[in-house]
Amino acid sequence: MIPPVYVKPFVKRGKTDAADAEAISEAVTRKTMRFVPIKSADQQAAAMVLKTRALLLRQQTQAITAFRGYLSELGIIAASARRK
């Protein structure tokens, strides 16, 4: 795999599939080209767990903030900390 930032200098014209394919084939032929190692299934699974956890924390924060907003419309002031 080649990172897109390494291929971008080899694009000669507009953004089309043919131009991208030509740039990739040109980049692959270079001796100094660095490739990205493929992640194992375990590494991908660990990344998925971390991303899912971050998503759940963002959604939890959104729900708490919305609930505090609804309470403030009724005149009830709730603490801003997540645990309170």
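Thresholds applied
- Residues numbered from 1 in each chain as written.
- Predicted model: local features only at pLDDT ≥ 70, side-chain atom pairs only at ≥ 80, totals over all residues.
- Heavy atoms only, no water.
- Helix = DSSP H or I, 4+ residues; strand = E, 2+ residues; numbered from the N terminus.
- Contact = heavy atoms within 4.5 Å.
- pLDDT = per-residue confidence, 0-100.
- Expected span 1.5 Å × (residues − 1).
- Buried < 20%, exposed > 50% of the residue type's maximum accessible area, 1.4 Å probe, protein only.
- Arc of directions from axis to C-beta.

Colleague: How would you sum up the side chain of Asp20? Please name residues and give values.
Modeller: Residue position: Asp20 is located in helix H2 (residues 17-28). Excluding residues within four positions of it along the chain, Asp20 makes contact with Val11 and Lys15.

Colleague: Provide a residue-level description of the confidence of the model for the protein chain, including the pertinent values.
Modeller: Put simply, the protein chain has an average pLDDT of 88, and 98% of its residues get 70 or more. Ranking the helices and strands of the protein chain by mean pLDDT puts helix H3 (residues 41-73) first, with 95, and helix H1 (residues 4-7) last, with 83.

Colleague: Can you lay out H2 for me, pointing to particular residues and giving the numbers?
Modeller: Compared with an ideal rise of 1.5 Å per residue, which puts 12 residues at 16 Å, H2 spans 16 Å between its outermost C-alpha atoms and is within 8% of the ideal. Along H2, the positions that sit buried rather than exposed are Ala19, Asp20, Ala23 and Ala27. All buried residues of H2 project into a common sector of 100° when viewed along the axis, lining one side. Of the exposed residues in H2, those oriented more than 90 degrees away from the buried face are Asp17 and Ala18. Against the buried residues of H2 lie H1.

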